[in-house]
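Here are the chains, one letter per residue:
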Amino acid sequence: MATTKKTIAPQEKVSADKAAPAVAPKKAAAKKAPAKKTSHSVQLNFKVKFHTVPGQDLFITGAHPLLGANDVNKAVPMQFFNEGCWTAQLEWPAGSDETVYYNYLLKHADGSIVIDWGKDKYFSLKGNTATEIVLIDTWNHAGYYENTFYAEAFQEVLLKNNFTPVRTAKTKSYTHQLRVRSPLLAKGQTICIAGSAPELNNWSVIDPVLLSREEGSEHYTVQLDLSKATFPVSYKYGVYDIEKKQFVTYENGNNRILYVAGGATIVNDGFAYLPSNTWRGAGIAVPVFSLRSHEGFGVGEFSDLKALANWAANAGLKMIQILPVNDTTATHTWKDSYPYAAISAFALHPIYMNLFAIAGEQHHKQVKKLEAERARLNALPVVDYDEVIRIKLQFIKDVYKDLGKETLASAGFKSFFQQNEHWLKPYAVFCYLRDEYGTVNFSKWPAYNQYNSQETTAFLDGKSPAGLDIAFHYYVQYHLHLQLKDATAYARSKGIIVKGDIAIGVYRYGADTWQHPDLFHMNFQAGAPPDDFAVKGQNWGFPTYNWQKMQQDGFAWWKQRFEQMKHYFDAFRIDHILGFFRIWSIPMDAVEGIMGHFVPALPVHVNEFNQQGTWFDYDRYTKPFITDGVLWEVFGYDNELVKSMFLDHANIGSYTLKPQFATQRLVEAHFAGLEDDAHHQKIRQGLYDLISNVLLFDADGKGQSFHFRFGMEGTSSFRYLEWNTQQQLKAAYVDYFYRRQDDFWKKEALQKLPALKRVTSMVVCGEDLGMVPSCVPDVMKQLGLLSLEIQRMPKDPKKEFFHPNDAPYLSVVTPSTHDMSTIRGWWEEDKVKVQRFYNNELGQWGEAPYYCEAWINKAIVVQHLHSPAMWSIFQLQDLVGMDEQLRRKDPQEEQINVPANPNHYWRYRMQLDLEELQKANDFNEELAGLIVASGR
């Protein structure tokens, strides 16, 4: 039979017929003689097709004790056999009827490891009579597109209706079992096989051999008796339409070839070589607090997700994406509206509680008494956080007094408590102590400021006043759990998956840092370097992670977070995934993000400056550069005032900061309470700028190693240097940020992300925005993590805009996020840039309209819908922006967050309620038509 052209790039699969050429390692693992077989054992001969290079070795790993009990240091070594094949022999106890799953492990010369993906390799000796079994496997690369479709989001929701169970007659005796996977077959289709042996109908596709697939199984399988076949046997998989009883097509690529004759053989052929990038979906992004319903209480609730799912399903959308919904109650004020500052990485926020759902008959009258307040709050254009949470918490406490005991005695609660005890008990005690002592800052508590599990247990006597108050938080979390789980289950029933959001950090003074202080660097602050959205950088205030400590227990805390997400969500977004490569770390005495540097990072040693002939002056480079000229630039006519109050004379024409104003935190404290005075704020910001007017940060305080200050060239300190020194420092700066760290950061990420992704069956997306190291796209591609692509934030520095048509398949494209203006808002920000976008990206002639008219908004949405990316996700504001009647008049009111403002009030609400949105027939029909036309 003629072969067809192989078209599986760029996934680099190794076909089953002939492995890629291999290079024997210089020191291959010593070949072990197989143990002597006894009547009580079965010899397992493992063979995997894999290309290696010198210094690499392969192993077999699994949960079974004979496979090392998932300890990579006890994995079974394999032997290099020939070009592209590694083997291993194991004696396995006969009579075992358990199903054993295993994976292959690649160890590099530097000790780093890669484990092939999924649970697609297994064997069972149940009913086995053979004394020898050959297992021929194909390495499953985590980055193969097909792996994404075996996430529960697809198997249980999005592709569920495509599954067609196929049962073929079982052969009484067989020599070979072939397994293959193919996730994107249409309903009514199955995999078939044809080949050069009579048992494979000699390539005939009129009546090909069909493979079976049972519900719950990922594999299509066939059992063949090839005892009389002439080897090697060539074969290919194909697609067969069961309903039409018609062969559809062969898989791509060369023929597969089976060389092994005789004996019991299991062949795991990986994936059928069929198109794997054809599925595309569209979704809606909206924070839960922004949802507005007719019966709402001034804020969106978990129960509102049901109405949103109804609308999304009718419009043809397949995903709802939300922001974090964790408890952020630190101050009991609107400042807790920041959804990324969770006091618990596990607890849900009480503001999302639906009061009717917990009231019971005896409290329905009390809910009705709140009607006037409910109506007032619900009519507001934005969330009144303080009032909503105050009223809700008081009502929940009233209900708890009457119904709490019954709820906490229920079987449902006991099951919930047992599953979540590891975080629920410390969180509840933390909340009690926060309220008892009037502050979330546990370092200021007069007692219990260090977590002690025995003291926590003593608090939990349900008969004591403290015990009852602590159990209140159990009660709240249990009902929130039920309401969110109910809402997301309903969405799934409508064919909609829900995507959650894992924040990169936690609040500095929260239950997590109280319970696990050793997992955090409490003396540093996490943030982000300067960008177009925050020119002074971002200081989130979160402690940074102690990754070395976390690694000691296999990242157990992170794995628990992923497991918690699985209770509710089908997919999740890892906020600031770059933090797994390196985090922007800011000292505690700094206010602005500009004062930070990446951690971990390889610093520049003082000898490197000397080697390149760079003049080095410690004080000139690391201390604030303050001269008369600089002071005039920053303060103008206020410079004399600043000199007299805040500075000391150093040398002629130069100054230093007085010790009481030497850091940004000291300056902040001096101006506390004067935030509304414009002149004072100008002086304060000027002093911040003086303090950050440095070129280098001393890495360890010893004057030997240094980190470059980000944006060095923009400082007056740099401008006042002579030209030759500027050029030398610029070269070292570029090397520091864009070259020397790359391999280092890649290894950092590969120590964390593969282990974490392996514990979840959810679709994982990474928010990879900002200053993206060049190693990030490759790591995300290797691991099959979906990237985020935004039109106005191109990752290629040579491009002004990113075109959705250029998106990789494993990605999410979106025209805006909660951290930026909407399409309409952006259109009014920079008219010169918008003009270029209008002409070059939209392909329109002439002058761009001043305002973003509905047709322009629609054109941008359509661009994204037709992208090759797996997902196109839109903020609700950007979709409604296509309709002149539905959208807000002022687009500036649509932006959810302003990253440059650390005290931003997160209070955006939909401009129309969900019931009205459902009735907007013209808009809904247009949106549904656009989605259908795009093939999503």
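Keep in mind it's a predicted model, so treat the numbers as computed, not measured.

Cut-offs and rules
- Residues numbered from 1 in each chain as written.
- Predicted model: local features only at pLDDT ≥ 70, side-chain atom pairs only at ≥ 80, totals over all residues.
- Heavy atoms only, no water.
- Helix = DSSP H or I, 4+ residues; strand = E, 2+ residues; numbered from the N terminus.
- Rg over C-alpha atoms; globule rule 2.2 N^0.38 Å.
- Buried < 20%, exposed > 50% of the residue type's maximum accessible area, 1.4 Å probe, protein only.
- Contact = heavy atoms within 4.5 Å.
- Areas by Shrake-Rupley, 256 points an atom, 1.4 Å probe, with all protein chains shown as cover.
- Lys, Arg positive; Asp, Glu negative; His and termini not counted.
- Charge placed at Lys NZ, Arg CZ, Asp CG, Glu CD.
- Pairing = 2+ DSSP bridges.
- Axes fitted to C-alpha atoms, helices over the stretch in contact; angles between N-to-C directions.
- Parallel < 35°, antiparallel > 145°, perpendicular 65-115°, else oblique.
- Left-handed = near helix turned anticlockwise from the far one by under 90°.
- Nonpolar A, V, L, I, M, F, W, Y, C, P; charged D, E, K, R; others polar.
- Core = buried A, V, L, I, M, F, W, Y, C linked by side-chain atoms within 4.5 Å.

Asks: Sorry, what's going on with the overall build of the protein chain here?
Replies: Within the protein chain, the secondary structure is distributed over 29 helices and 36 strands. Since a compact globule built from 936 residues should have a radius of gyration of about 30 Å, the 31 Å found for the protein chain is in line with a globular shape. Within the protein chain, the proportion of its 936 residues that are buried is 56%. For the protein chain, contacts bridging at least 24 residues in sequence account for 73% of all contacts bridging at least 6. Here the protein chain has roughly 40,200 Å² of accessible surface; of this, 52% comes from carbon and sulfur atoms. In the protein chain, 97 positive and 105 negative side-chain charges are present, and the distance between their average locations comes to 6 Å.

Asks: Explanation requested: the sheet that holds strand β33 (residues 763-766) in the structure shown.
Replies: Pairing between the strands of a sheet is mediated by backbone hydrogen bonds and can be parallel or antiparallel. Strand order across the open sheet formed by 8 strands is β33-β25-β20-β19-β18-β36-β35-β34, with parallel pairing between neighbours. Two strands bound the open sheet, and with one partner strand each, they are β33 and β34 (787-790). If you compare each strand with its neighbour and ignore which way they point, the axes differ by 25° on average. When strand β19 (residues 319-321) meets strand β20 (residues 497-502), the two strands line up parallel, connected through 3 bridges. By the bridge assignment for β20, Ile320 is matched with Val498. Set on the sheet, helix α26 (residues 854-865) makes contact with β18 (281-285), β35 (811-814) and β36 (871-875); between it and β36 the angle comes to about 150°.

Asks: Teacher, can you tell me more about the environment of Leu695 here?
Replies: Within the secondary structure, Leu695 is located in the loop between α19 (678-691) and β31 (696-698). Residues Leu695 and Arg709, 14 residues apart in the sequence, show an inter-C-alpha distance of 5.3 Å. Sequence-distant contacts of Leu695, that is, excluding residues within four places in its chain, are made with Tyr621, His707, Phe708, Arg709, Met712, Thr715, Ser717, Phe718, Leu721 and Leu729.

Asks: Explain the packing of helix α6 (residues 371-379) against helix α7 (residues 385-408) to me, please; I cannot follow it from the model alone.
Replies: Put simply, α6 and α7 touch, their axes get as near as 11 Å, and they point 150° apart. Taken as axis vectors, α6 and α7 run roughly antiparallel relative to one another. Pair α6 / α7 crosses with left-handed handedness. Of the residues in α7, those in contact with Glu373, Arg376 and Leu377 of α6 are Glu387, Val388 and Ile391. Among the residues forming the contact of α6 with α7, the class breakdown is 3 nonpolar, no polar and 3 charged.

Asks: What am I meant to see in the nonpolar core here?
Replies: Here is a general trend for soluble globular proteins: nonpolar side chains tend to be buried in one another's company. Trp311, Trp557, Trp558, Leu687, Phe708, Trp827 and Phe923 are the most contacted members of the largest nonpolar core, which totals 200 residues. Not counting residues up to four positions away in its chain, the partners in contact with Leu687 are Phe635, Val642, Phe646, Leu657, Val667 and Phe671. In terms of nonpolar packing, the next biggest core, distinct from the first, is built from 27 residues, Met319, Ile497, Leu788 and Met793 among them.

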